[in-house]
Amino acid sequence: MRLTFTVIITFFSTLLFAQNTTNTDTTYWRIGGTSSLTFSQVSLTNWSAGGQNSVAINSNFSIFANRVKGRGKWENSMDLAYGLIKQGTAGFNKSDDLINFATKYSYKVNKDNGKWFYSSLLDFRTQFYEGFDEEGVFISDFMAPGYLTIGLGVSYDPSDQLSFSYKPITGKFTFVNNQELANQGAYGVDPAVFNADTTAIITPGKQSRAEFGSFFRAKYKNDIFESKLELFTSYLEDFGTIDVNWQNALVMQLTKVLSANVFTQLIYDKDIKIGADDNGDGEISESDGELKDRVQFKNVLGVGLTYKFGKQKKQ
């Protein structure tokens, strides 16, 4: 994990250095970001209506570094999120966890003021720490899963706020850098092969999986709202079955540093199998049937501190 952060920090440091030394005209660059911290607490003593004490804290950090010169446009972003919640006598549990780095280079098809671009994309996504389900079962960790998407195609940018990208040549790589999860076949990798009485592993589960397909992204961003929709389908397996990742962020500035924040994310991935309380007994168990692909949804709402820095708009 330290190596990953070293690479990311070095990358953005290089961008800052390039801005300050290579170009005397810094209007080619826009570099900035947003950081936010929200906190909530409920404390009850002899409360007749009942309830439990709780503490929750969520943090988000986003940074971008974009360069536009001539027919070329280079866009880079990094989004980090982490949240914890403690309820009752239980310890702290993770409520949010994200590492997302993306870089995109576009070259204008027409040297005039056209809106079409040839473009390439690299997107990496994982999480900071290990994760557990509602029953306390270990299900994820740093780089388990990790996702790397690399694509070539075209982009259409009708305005500074709205853009569309289609990559008909796209590789999607899934990494499960934890052998316990890989042996289970988590996140779509090939599971381990056991002997007849399942007491010994003959072949360990694979820790990676590659898919070749097409990728579509639509992105909208203004001063308070950002929405990003990503769709992927494989050419070789279940063509037409679409993986979905839809993220939204609404940051309403109440004062110079105080804001109300809403973050949502919807995910559907056919390779992520999830259990659920199908029989309504309040527990996830074998009686609920086999694990299967399901729609995932996350919503984070809070009021807290927000700080914006850098060049948020073109000069």
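Residues numbered from 1 in each chain as written. Predicted model: local features only at pLDDT ≥ 70, side-chain atom pairs only at ≥ 80, totals over all residues. Heavy atoms only, no water.

Draft legend 1. Representation of the overall build of the chain in the model. Counting its secondary structure elements, the chain contains two helices and 18 strands. The burial tally for the chain puts 37% of its 315 residues in the buried class. Summarising the internal contacts of the chain: among those between residues at least 6 apart in sequence, 54% fall at separations of at least 24. Approximately 18,100 Å² of the chain is accessible, and the part contributed by carbon and sulfur atoms is 59%. (Helix = DSSP H or I, 4+ residues; strand = E, 2+ residues; numbered from the N terminus. Buried < 20%, exposed > 50% of the residue type's maximum accessible area, 1.4 Å probe, protein only. Contact = heavy atoms within 4.5 Å. Areas by Shrake-Rupley, 256 points an atom, 1.4 Å probe, with all protein chains shown as cover.)

Draft legend 2. Examining the environment of Ile-57 more closely. Mapped onto the secondary structure, Ile-57 falls in strand β2 (residues 54-69). A C-alpha to C-alpha distance of 8.6 Å links Ile-57 and Tyr-82, two positions 25 residues apart in sequence. Beyond its immediate stretch of four places on either side in the chain, Ile-57 contacts Leu-37, Thr-38, Phe-39, Tyr-82, Gly-83 and Leu-84.

Draft legend 3. Highlighting the nonpolar core. Listed in full, the ten residues of the largest apolar core are Phe-138, Ala-144, Tyr-147, Val-176, Leu-181, Ala-182, Ala-186, Tyr-187, Val-189 and Ile-272. With nine residues, the next largest nonpolar core counts Ile-63, Leu-80, Phe-124 and Phe-128 among its residues. (Core = buried A, V, L, I, M, F, W, Y, C linked by side-chain atoms within 4.5 Å.)

Draft legend 4. Here's a closer look at the pattern of salt bridges. Considering all chains together, one arrives at 15 salt bridges under this definition. Asp-123 is the partner of Arg-217 in a salt bridge, and the nearest nitrogen-oxygen pair spans 3.0 Å. Of this pair, Arg-217 sits in strand β12 (residues 208-221) while Asp-123 is found in strand β5 (residues 116-126), placing the two residues 94 residues apart along the sequence. Residue classification places Arg-217 among the buried residues on the basis of a relative accessible area of 10%. (Salt bridge = Lys/Arg side-chain N within 4 Å of Asp/Glu carboxyl O.)

Draft legend 5. Spatial organisation of the sheet that holds β12. Reading around the barrel, the twelve strands line up as β1-β2-β3-β4-β5-β8-β9-β12-β13-β14-β15-β18 and close back on themselves, with antiparallel pairing between neighbours. Between one strand and the next, the sheet's axes are offset by a mean angle of 20 degrees, whatever the strand orientation. As defined by bridge partners, strand β4 (residues 93-108) adjoins β5 across ten bridges and the pair is classed as antiparallel. Of the residues in β5, the one forming a bridge with Thr-103 is Leu-122. (Pairing = 2+ DSSP bridges. Axes fitted to C-alpha atoms, helices over the stretch in contact; angles between N-to-C directions.)

Draft legend 6. A look at unusual backbone geometry. For the bond running from Ala-144 to Pro-145, omega is 10 degrees, close enough to zero to count as cis. Of note, the phi angle at Asp-238 is positive, near 50 degrees, even though the residue is not glycine. With respect to the helices and strands, Asp-238 occurs in the loop between β13 (225-234) and β14 (243-253).

Draft legend 7. Summary view of the packing of aromatic side chains. Going through the model one piece at a time under the given rule, you end up with twelve aromatic pairs. Three or more aromatic residues link up through ring pairs in this structure, and these residues are Phe-61, Tyr-307 and Phe-309. We note Lys-73 situated over the ring of Phe-117; from NZ or CZ to the ring centre the distance is 4.5 Å. (Phe/Tyr/Trp six-rings, centres within 6.5 Å; stacked < 30°, edge-to-face > 60°. Lys NZ or Arg CZ within 6 Å of the ring centre and 35° of its normal.)

Draft legend 8. Representation of the pairing of strand β15 (residues 258-268) in the model. β15 sits mainly inside the fold: eight of its eleven residues count as buried. Across ten bridges, the pairing between β14 and β15 is antiparallel. The partner of Met-252 across the bridge, within β15, is Ala-260. Turn length for the β14-β15 hairpin, with the two strands adjacent in sequence and antiparallel, is four residues. For β15 and strand β18 (residues 296-310), the ladder comprises ten bridges, and the chain directions are antiparallel. Paired with Asn-261 across the two strands is Gly-302, which belongs to β18.

Draft legend 9. The side chain of Ser-106, seen in detail. Among the structural elements, Ser-106 can be located in strand β4. Setting aside anything within four residues of it in sequence, one finds Ser-106 in contact with Arg-71, Gly-72, Lys-73, Glu-75, Phe-117, Tyr-118, Ser-119 and Ser-155.

Draft legend 10. Fine view of the side chain of Ser-227. Inspection of the secondary structure puts Ser-227 in strand β13. Here the side chain of Ser-227 touches Trp-246 through a polar contact of 3.1 Å, side chain to side chain. Engagement of the side chain of Ser-227 in a polar contact is seen with the side chain of Asn-248, the distance being 2.7 Å. (Polar contact = N/O pair within 3.5 Å; in protein donor to acceptor, adjacent residues only side chain to side chain.)

Draft legend 11. Molecular detail of the pairing of β18. As paired elements, strand β1 (residues 29-42) and β18 share seven bridges and run antiparallel to each other. The partner of Thr-34 across the bridge, within β18, is Lys-308.

Draft legend 12. Quick look at the environment of Asn-261. Note that Asn-261 resides in strand β15. Residues contacting Asn-261, with those up to four places away along its chain left out, are Ser-36, Thr-38, Leu-250, Val-251, Val-300, Leu-301, Gly-302 and Thr-306. Reaching out from Asn-261, the side chain makes a polar contact with the side chain of Ser-259 at a distance of 3.0 Å.

Draft legend 13. Looking closely at the environment of Tyr-235. Inspection of the secondary structure assignment puts Tyr-235 in the loop between β13 and β14. Given the relative accessible area of 32%, Tyr-235 is considered partly exposed. In the structure, Tyr-235 is positioned 65 residues away from Thr-170 in sequence and 9.9 Å away in space, judged by C-alpha atoms. With sequence-adjacent residues up to four places away left out, Tyr-235 is seen in contact with Tyr-166, Pro-168, Phe-212, Gly-213 and Ser-214. At 2.7 Å, the side chain of Tyr-235 forms a polar contact with the backbone oxygen of Pro-168.

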